[in-house]
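Structural description and commentary
Here is how the chains run, residue by residue.
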Amino acid sequence: MATRTHGLAPRGTHSSTRRSSSRTVAPGPVASKGAAPARAKSRATKRTGERAQRELQRSPVGPRQRTRPSLPSRASKRSQQRSRRNVRAPKPDLRAAERGVGRPQRRLRLALAAIALILCGIIARVGYLQTKEADSLRSAGADQWTRSYSLPAQRGTMFDRHGNELAMSVPAASISINPKLIVDGAVVINDLDNLLQLSDEKRADLLDEIARKERGFVYVARQIDANIGQFIRDLGHAGVNVDDESRREMPGGDTGRSVLGRTNIDGEGIAGLEKQYEDVLTGTSGSMTREVDPRQRTIAGSESITQAPVDGDDLVLTLDRSIQFSTEQVLLAQLERIGAKGGTVIALDTPTGEVLGMASVRRDDDTGGYAVTNGNFAAVDAYEPGSVAKVITVAGALDAGAVTPDTTFTVPWRKQYADDLLKDSHEHPDLDLTVSDILTESSNIGTIMVQQALGRFEHHKYMTDFGLGERTALDFPGESDGILKEPDELWGSERVTVSYGQGVSSTSLQLAAAVNVIANDGIYVAPKLVRAVVGPDGAQTSAPDAPSRRVVSEQAASQTAAMMQRVVCEGTAKRAQVDNLPIAGKTGTAFKAAPNGTYYNEQGQRIYYASFVGFFPADDPQVTVLVSVDEPPAGTNNRFGGTAAAPVFAALAPTLIHELGIQPAPGSTGCQE
């Protein structure tokens, strides 16, 4: 065994030796110089890893000398082998053990817990989406491949009193395009043009829309024939839409157009009864869904009605289609014959006030032709009634007891009232005329005398009771109130001219209802146009009776009717006579106010408004008719009520007699003695 060297190295040698390589060999005998490193290595074998090796390298090896490495002996080799067998792994960090990180079971549990939490979160989210968010998600998904469409409800039909259709809706279709989905615009528009006969301008507009692709919806045509719409649908062009709709039609052509009114392109009432009863005629729309493919084409068999539409109610009107047609045709013929601007005719059922016919005709200023109008001028236009208003003055005076039919007045042909010299229609000497004579001869001055006997305030009360100055209960869209000033608002001669219908205005509807008081034994009954409403289930609800009130006594009405019968047989209304049928009536020839504020046109001619009102049979009235002619030609004999309007009444009477089944009283001869 080698001996250990105890010599001290010079200053600084120890640290240098520490840094020197283990291969440094000190001088001297080999055995003594290699024993110290061997013992140091033996002790170092009890340590492990790199720490043991570093300790071995730092061991002193004697004085700092340049030596050769010694070869390991057999004993050192055996010692090194024993040291390797005694090497053990370092103990694990106690802090890591305390946390359990290094334990596989703990890590597995943590991983499983994390996975379980994630799964629970996913399940909770799925549950939330399937419950509270289910509807919105289903809707969002359905929007991608389904389309919803409105199913328009069928608009109610309007029937006449006998169940004949006057206005009804028929199936139609609307065509539209989505320019963004159309690939070959020229082909699509060419196909549509072949079927719809598009104008050149329309074609150009559609092609421009397809080229720009800015809008997603453009109408091509509305309310086309339903069969053509189905043919276009069968073509299957992407971006071409065909939607069902309805079109309003009148089976009788223009018959009743003035009263029925019309609808717009969307089927909404904009005039007449269509507008007045919009809420009744319009039903409740339904809805339908259908599936589409990626090219927006409908998948056959995918249609599903989600809500069925509810059709609108039907209206049963008081009009008689045959009477309405005859009323319009007779008026058209008379206006064409005399060349008037226009006219109206109203036929009322005397006891009930039901309107049997109401026509309005106008001349087209551009073409000169005459046609039934869309507007109901019989209810909308107000005019001075003229001498027809004398019936109200006389009936009121008789009812009040101010006069009797035989009360006599000395009547000049003209007389000064305030600042105006008022005249009769023709010059005559002073005449002693009874009240009956005054009405028969239609004397203006005589009528003023009757009004003065009654009193102008009382006269105004009767005018109001007869229905002038306010709208009728019919409440037709656009109906005029007319003009009836309060007595204190009248000045000068206007205070007396109202007695013969000047300085007051009324609609034809108001005037017909007013004179119907005389035919109906002194009872005013408001005009009526609707008899019943029929629901979608067929249940019929009758309309209430028209409001009524007594205006004059039955005796006063009977006396006035007898005077009016004389007017037809002896006076100004001889052209209203009907063979073997007693007629009572009154003519009226009024001046019409011009836009310039006078009664003269730009040529300096008077502007007239001629009318005739009558009822029959005179001894048992069933029907009351008013004929009004707007602007009959001035300077001709056709400008008067007896020549312009009375012939229309006579021409219409046979139709009324036939349709209403009117039978004259036994022995009645009309105006024949």
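See above for the structure.
Our subject in this report is the structure included herewith. Not measured: the values here are computed from a predicted model.

**Overview of helix α10 (residues 226–235)**
Two or three places before N227, at the opening of α10, D225 has a side-chain oxygen 2.9 Å from that residue's backbone nitrogen. Phi for G236, located one or two positions after α10, is positive at around 70 degrees.

**Focus on the side chain of T447**
Following the sequence through the fold, T447 ends up in helix α18 (residues 444–454). For T447, a relative accessible area of 2% puts it in the buried group. Setting aside chain neighbours within four positions, we find T447 in contact with K390, T393, I438, S499 and Y500.

**Points about the packing of aromatic side chains**
Tallied over the full model, the rule gives six aromatic pairs. Ring plane angle 80 degrees and centroid distance 4.9 Å describe the contact between F217 and Y219, whose orientation is recorded as edge-to-face. With a relative accessible area of 40%, F217 lands in the partly exposed category. Among the aromatic residues, ring-to-ring pairing joins F591, Y599 and Y608 into one connected group. The cationic tip of K461 hangs over the ring face of Y462; the distance from NZ or CZ to the ring centre is 5.1 Å. For R549, the ring lying beneath its charged end belongs to Y524, and the centroid distance is 4.2 Å.

**A look at the state of the cysteines**
Under the definition given, this model contains one disulfide. With its sulfur 2.0 Å from that of its partner, C569 forms a disulfide with C671. Here the disulfide of C569 and C671 is left-handed, its torsion about the S-S bond being about -80 degrees. One end of the pair, C569, is in helix α22 (residues 554–570); the other, C671, is in the segment after α24 (646–660), and 102 residues separate them in sequence. When its relative accessible area of 23% is taken as the criterion, C569 is described as partly exposed. Under the relative-accessibility criterion, C671 is labelled partly exposed at 30%.

**Brief notes about the environment of T404**
Looking at the element boundaries, T404 is found in the loop between α16 (390–400) and β15 (408–411). It is 9.2 Å that separates the C-alpha atoms of T404 and V394, two residues lying 10 residues apart in sequence. Not counting residues up to four positions away in its chain, the partners in contact with T404 are L398 and V435.

**Observations regarding unusual backbone geometry**
Cis geometry is found at the peptide bond from F616 to P617, where omega equals -20 degrees. A positive phi angle is found at D521, which is not glycine, with a value near 60 degrees. Counting through the fold element by element, D521 comes out in the loop between α21 (508–519) and β20 (523–525). Of the residues examined, D521 reaches a relative accessible area of 40% and is grouped as partly exposed. We note that N580 has phi near 60 degrees; this positive angle belongs to a residue other than glycine.

**So, the pattern of salt bridges**
Once the charged atoms of two side chains with opposite charge are near each other, the side chains can pair. Counted under the stated rule, the structure contains 25 salt bridges. Across the pair E274 and R155 runs a salt bridge whose closest N-O atoms are separated by 3.0 Å. Note that E274 is positioned in helix α12 (residues 272–276) and R155 in the loop between β1 (146–151) and β2 (158–159), a separation of 119 residues in sequence. This pair shows no difference in class: E274 is buried, exactly as R155 is. For the salt bridge of R566 with E570, the shortest nitrogen-to-oxygen distance reads 3.2 Å. Note that R566 and E570 are positioned in helix α22 at a spacing of four residues, about one turn of the helix.

**Some remarks on the sheet that holds strand β11 (residues 342–349)**
If you trace the six strands from one edge of the open sheet to the other, you get β13-β12-β11-β26-β25-β24, paired in antiparallel fashion. Strand pairing shows two members of the sheet lacking a second neighbour, β13 (370–372) and β24 (584–591), which therefore form its edges. Neighbour-to-neighbour, the strand axes of this sheet turn through a mean angle of 15 degrees, independent of strand direction. As paired strands, β24 and strand β25 (residues 608–616) are joined by eight bridges and run antiparallel to one another. Looking at β25, one finds that T587 is bridged to F612.

**A closer look at a negative patch on the surface**
A contiguous patch of negative charge on the surface is contributed by D521, E554, D619 and D620. Residue placement: D620 occurs in the loop between β25 and β26 (623–630). Taking relative accessible area as the criterion, D620 reaches 47% and is therefore assigned partly exposed.

**Thoughts on the sheet that holds strand β9 (residues 304–307)**
Hydrogen bonds along the backbone pair up the strands of a sheet, which may run parallel or antiparallel. The sheet built from three strands is open, its strands ordered β1-β8-β9 with antiparallel pairing. Pairing within the sheet leaves two strands with one partner each, and these edge strands are β1 and β9. Each strand of the sheet is rotated relative to its neighbour by a mean of 30 degrees, with strand direction disregarded. Here strand β8 (residues 286–291) runs beside β9; their pairing, made up of three bridges, is antiparallel. Looking at the pairing, M288 lines up with I305 of β9.

**Remarks on the pairing of β26**
Among the eight residues of β26, eight are classified as buried, and the element is accordingly described as predominantly covered. Residue alternation in β26 divides its side chains into two sets, V623, V625, V627 and V629 and T624, L626, S628 and D630, and both sets are buried. Pairing of β25 with β26 involves eight bridges; the strand directions are antiparallel. Within the sheet, the bridge partner assigned to S611 lies in β26 and is S628. Between β25 and β26, which pair antiparallel and follow one another directly, the connecting turn spans six residues.

Criteria and cut-off values
- Residues numbered from 1 in each chain as written.
- Predicted model: local features only at pLDDT ≥ 70, side-chain atom pairs only at ≥ 80, totals over all residues.
- Heavy atoms only, no water.
- Polar contact = N/O pair within 3.5 Å; in protein donor to acceptor, adjacent residues only side chain to side chain.
- Helix = DSSP H or I, 4+ residues; strand = E, 2+ residues; numbered from the N terminus.
- Buried < 20%, exposed > 50% of the residue type's maximum accessible area, 1.4 Å probe, protein only.
- Contact = heavy atoms within 4.5 Å.
- Phe/Tyr/Trp six-rings, centres within 6.5 Å; stacked < 30°, edge-to-face > 60°.
- Lys NZ or Arg CZ within 6 Å of the ring centre and 35° of its normal.
- Disulfide = S-S within 2.5 Å.
- Salt bridge = Lys/Arg side-chain N within 4 Å of Asp/Glu carboxyl O.
- Pairing = 2+ DSSP bridges.
- Axes fitted to C-alpha atoms, helices over the stretch in contact; angles between N-to-C directions.
- Patch = residues over 30% accessible without salt bridge, like charges linked within 9 Å, V, L, I, M, F, W, Y side chains within 5 Å.
- Areas by Shrake-Rupley, 256 points an atom, 1.4 Å probe, with all protein chains shown as cover.
- Lys, Arg positive; Asp, Glu negative; His and termini not counted.
- Charge placed at Lys NZ, Arg CZ, Asp CG, Glu CD.

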